[in-house]
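Breakdown of the fold
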Amino acid sequence: MLENFQAPSFDLLPHAVALLTAYALAFPIGWNREQEERSAGLRTFPLVAVASCGFIQAAEGLTPDSPEAMARIVEGIITGMGFIGGGAILQLKDSVKGTATAASLWVTGAIGVAVGLGSYDTAVMLSIVTLVTLAVLSRIKKRAGDDDAIREPAETSVQSEL
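Structural notes, computed from the coordinates. Given the structure is predicted, the values throughout are model-derived calculations rather than measurements.

1. Some thoughts on the overall build of the chain
Scanning the chain from terminus to terminus reveals six helices and two strands. Reading the helices (α) and strands (β) of the chain from amino to carboxyl end gives α-α-α-β-β-α-α-α. Across the 162 residues that make up the chain, the buried fraction comes to 27%. Restricting the contact set of the chain to residue pairs at least 6 apart, pairs at least 24 apart contribute 62%. Within the structure as shown, the chain displays about 11,200 Å² of accessible surface, and the carbon and sulfur contribution to it stands at 63%.

This is the structure:
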C-alpha cells in the first residue's frame, strides 16, 4: 500500500502546460459569459477548468494502474460540477434562468478533465462546440425574441370593443 505514496518526481513543465491549456481553452467561454453579464464569468470558468485538470493530475500518481480509481475521481468531478452548476440556476415566477451558464460550467469541467487525462483533441472540440453554441445560438435566440416582440398583437382597450 505504501508503494503508491513514494516521493513523486518534481517535473513542473508537463503540469504547467496542461494547466495553462485548460485555462486557455476555458477563458473564451468565460469571456462570453462575462460579456452576457451572467453570474459566472471570466474568473470562474478558467478556475473550473484548472481545478478539474489539477484534480486529475494530482491523482495520476496515486492511480497509475487503476482505471477504476481514476473513473471514481472523474465521477466525483462530474458530481461537483453539477453542484456548482446548480448554484447558477435561478427559478423565477414564470421562467428559469442560468441553465446555459450551468451547462457551460459543466462542459468547462469536462475540458479540464480531458486536458488532465491528455485528451487535448477532445478538450479543444468541447471548447469550440461550447463557444459556437453560446455565440451563434444566442444571436439566433435574440433574433427570434425580437421577431416575437414584433408579432405580438397590440393591446386593445375594453372601450374600443364596445
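Having seen the model, we can carry on.
2. Quick notes on the nonpolar core
Counting 25 residues, the largest nonpolar core has I56, L105, V115 and A123 as the members making the most contacts within it. For this core, the secondary-structure elements that each account for two or more residues are α1 (12–35), α2 (44–60), α3 (67–88), α4 (99–116) and α5 (120–151).

3. Re a nonpolar patch on the surface
Residues V124, M125, I128, V129, V132, V136, L137 and I140 make up a contiguous nonpolar surface patch of about 670 Å² in total accessible area. For M125, the location among the structural elements is in helix α5. Since its relative accessible area comes to 48%, M125 is described here as partly exposed.

4. A look at the layout of surface pockets
Regions of empty space are outlined by a rolling probe, equal in size to a water molecule, passed over the atoms. Here the largest pocket is characterised by a volume of approximately 490 Å³. Every residue lining the largest pocket is counted, 19 residues in all, and those nearest its centre are R33, R38, G98, A100 and K141. The set of elements that each furnish at least two residues to the lining of the largest pocket consists of β2 (96–97), α4 and α5. Residue contributions to the lining of the largest pocket peak at six residues, all from α5. Looking at side-chain class alone, the lining of the largest pocket contains six nonpolar, six polar and seven charged residues.

5. Things to note about the packing of aromatic side chains
Inspection of the entire model under this criterion finds one aromatic pair. Between Y23 and F27 the ring centres are 6.2 Å apart and the planes differ by 25 degrees, which places this aromatic pair in the stacked class. Separated by four residues within a single helix, Y23 and F27 lie in helix α1, roughly one turn from each other.

6. Digging into the side chain of S127
Tracing the chain through its elements places S127 in helix α5. Exposure remark for S127: the relative accessible area of 4% places this residue in the buried category. Within the local environment of S127, its side chain forms a polar contact with the backbone oxygen of L25, the two atoms lying 2.8 Å apart.

How each quantity is defined
- Residues numbered from 1 in each chain as written.
- Predicted model: local features only at pLDDT ≥ 70, side-chain atom pairs only at ≥ 80, totals over all residues.
- Heavy atoms only, no water.
- Helix = DSSP H or I, 4+ residues; strand = E, 2+ residues; numbered from the N terminus.
- Buried < 20%, exposed > 50% of the residue type's maximum accessible area, 1.4 Å probe, protein only.
- Contact = heavy atoms within 4.5 Å.
- Areas by Shrake-Rupley, 256 points an atom, 1.4 Å probe, with all protein chains shown as cover.
- Core = buried A, V, L, I, M, F, W, Y, C linked by side-chain atoms within 4.5 Å.
- Patch = residues over 30% accessible without salt bridge, like charges linked within 9 Å, V, L, I, M, F, W, Y side chains within 5 Å.
- Salt bridge = Lys/Arg side-chain N within 4 Å of Asp/Glu carboxyl O.
- 1 Å grid on protein atoms, 1.4 Å probe; cavity = no way out; pocket = protein on both sides within 12 Å on 5 of 7 lines; lining within 4 Å.
- Points joined across faces, edges and corners; volume = space filled by probe spheres on them.
- Nonpolar A, V, L, I, M, F, W, Y, C, P; charged D, E, K, R; others polar.
- Phe/Tyr/Trp six-rings, centres within 6.5 Å; stacked < 30°, edge-to-face > 60°.
- Polar contact = N/O pair within 3.5 Å; in protein donor to acceptor, adjacent residues only side chain to side chain.

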